[in-house]
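# Observations on chain architecture
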Amino acid sequence: AQSVTQLGSHVSVSEGALVLLRCNYSSSVPPYLFWYVQYPNQGLQLLLKYTTGATLVKGINGFEAEFKKSETSFHLTKPSAHMSDAAEYFCAVTSSGGYNKLIFGAGTRLAVHP
Amino acid sequence: GAVVSQHPSRVICKSGTSVKIECRSLDFQATTMFWYRQFPKQSLMLMATSNEGSKATYEQGVEKDKFLINHASLTLSTLTVTSAHPEDSSFYICSAFGGGDRRTSTDTQYFGPGTRLTVL
């Protein structure tokens, strides 16, 4: 069985500050890990993904995440927050092959204030 | 990139009526599509997995007779909410897996923009 835990349902940062959104997963098989962003009343947009290979993954909009197997973590970071980063962020896991269903975390709402 | 569309984006209907939501992969073939439901300020809940040409696989607790899913082609899946009631009001989102097209990957779900259903 697989599961995802996102620590912190709400995160608030100042514009220009570091963004850190935490994600821990549980999986009995090698995981594929994803971060998605959702803006109000919209679907999900893929930020980045880890499947195999390099553990530091760079995504769109300046975001990156590092897969740490020993810590079962896949935290999302961005060096400098922008007002447009305010949104809901979801971490998700699936098993290799990808056609299996995604298991989503509860989501973290990121607020960016001036 | 891979684009998934949904239609309609918003729908308001009376209690007891049926509503059909379409999910299309616009530039790739999707052998597998998923349907999710999202309540306000909550995560996505998988309702069913839809494979082209076969019956959908529903998650536990999801009524298959209430939420009819048809995946008639490699680019289209539909979700019909039958005899809708106010508790069916929600945000419904579909996703699709690429079918090996070079523009998509087979390990990533591409999501549609969602459909807001309001049942009066």
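Residues numbered from 1 in each chain as written. Chains lettered and ligands numbered in written order. Predicted model: local features only at pLDDT ≥ 70, side-chain atom pairs only at ≥ 80, totals over all residues. Heavy atoms only, no water.

## Remarks on the interface of chain A and chain B
The test is simple: Should any heavy atoms of two residues lie within 4.5 Å, those residues are counted as being in contact. One side-chain nitrogen of Lys or Arg within 4 Å of one carboxyl oxygen of Asp or Glu is enough to make a salt bridge. Side-chain atoms alone can form a polar contact between residues adjacent in sequence; in general such a contact is a pair of N or O atoms within 3.5 Å, and within protein one must be able to donate a hydrogen while the other accepts it. Put simply, DSSP H or I for four residues or longer makes a helix, DSSP E for two residues or longer makes a strand, and each gets a number counted from the N terminus. All residues other than Ala, Val, Leu, Ile, Met, Phe, Trp, Tyr, Cys, Pro, Asp, Glu, Lys and Arg, Gly among them, are scored as polar; the first ten of these are nonpolar and the last four charged.
Chain A puts 21 residues into the contact, and the matching count from chain B is 24 residues. At the surface where chain A touches chain B, the tally comes to one salt bridge. We note a salt bridge from Glu59 of chain B to Lys101 of chain A, for which the minimum N-O separation is 2.8 Å. Joining chain A to chain B, the criterion identifies six residue pairs in polar contact (both at pLDDT 80 or more). Listed by contribution, the elements that provide at least two residues to the side of chain A that touches chain B are strand 5 (31-38) and strand 6 (44-50) of chain A. With four residues, strand 5 of chain A is the largest single contributor of residues to the side of chain A that touches chain B. A breakdown of the residues in the side of chain A that touches chain B according to their chemical character gives ten nonpolar, nine polar and two charged.

## Looking at the state of the cysteines
Heads up, the rule is: In this description, the term disulfide denotes a pair of cysteine sulfurs within 2.5 Å. Categorising residues by exposure relies on relative accessible area from a 1.4 Å probe, with only protein chains included: less than 20% of the type maximum marks a residue as buried, more than 50% marks it as exposed, and the intermediate range marks it as partly exposed.
Scanning the model with the defined rule gives two disulfides over all chains in all. Disulfide partner of Cys23 of chain A: Cys91 of chain A, at an S-S distance of 2.0 Å. The S-S bond linking Cys23 of chain A to Cys91 of chain A shows a torsion near -65°; that makes this disulfide left-handed. Residue Cys23 of chain A is found in the loop between strand 3 (19-21) and strand 4 (24-26), and its partner Cys91 of chain A is found in strand 10 (residues 87-95); the two are separated by 68 residues along the sequence. By relative accessible area, which is 0% here, Cys23 of chain A ends up buried. Note on Cys91 of chain A: relative accessible area 0%, which makes it buried. Covalently, Cys23 of chain B is tied to Cys94 of chain B through a disulfide, its sulfur atoms 2.0 Å apart. Handedness of the Cys23 of chain B-Cys94 of chain B disulfide follows from its S-S torsion of about 80°: it is right-handed.

## What about the sheet that holds strand 3 (residues 19-25) of chain B?
Residues and elements named next belong to chain B. We count it as follows: Pairs of strands are assigned from DSSP output, requiring at least two bridges between the strands. Orientation is described by axes fitted as lines to C-alpha atoms, over the contacting stretch for helices, and by angles from 0 to 180 degrees between their N-to-C directions.
Taken together, the four strands give an open sheet; going across it, the order is 1-3-8-7, and neighbouring strands pair in antiparallel fashion. Strands with a single pairing partner mark the edges of an open sheet, and in this sheet they are strand 1 (4-7) and strand 7 (67-73). Neighbour-to-neighbour, the strand axes of this sheet turn through a mean angle of 15°, independent of strand direction.

## Some points on the environment of Pro8 of chain B
Residues and elements named next belong to chain B. Within the secondary structure, Pro8 sits in the loop between strand 1 and strand 2 (10-13). Considering only alpha carbons, one finds Pro8 and Cys23, 15 residues apart in sequence, at a separation of 9.3 Å. Not counting residues up to four positions away in its chain, the partners in contact with Pro8 are Lys20, Ile21, Gly114 and Thr115.

## Concerning the packing of aromatic side chains
Rules: Stacked, edge-to-face and tilted labels apply to pairs of Phe, Tyr and Trp rings (six-membered ring for Trp) whose centres lie within 6.5 Å, assigned for plane angles under 30 degrees, over 60, and everything in between, in that order.
Counted according to the given criterion, the structure contains 14 aromatic pairs over all chains. Seen from their ring centres, Tyr50 of chain A and Phe67 of chain A are 4.3 Å apart, and the 20° between their planes marks the pair as stacked. Pair noted here: Tyr50 of chain A is in strand 6 and Phe67 of chain A is in strand 8 (residues 64-68), with a separation of 17 residues, a long-range link. The burial state of Tyr50 of chain A is the same as that of Phe67 of chain A; both residues are buried. Taking the centre distance of 5.6 Å and the plane angle of 50° together, the rings of Phe63 of chain A and Tyr89 of chain A count as tilted. Of this pair, Phe63 of chain A sits in the loop between strand 7 (56-58) and strand 8 while Tyr89 of chain A sits in strand 10, and the two are 26 residues apart along the sequence. Tyr89 of chain A carries the same exposure label as Phe63 of chain A, and that label is buried. Following the ring pairs from residue to residue traces out a cluster consisting of Phe34, Tyr36, Phe90 and Phe104 of chain A together with Phe34, Tyr36, Phe97 and Phe111 of chain B.

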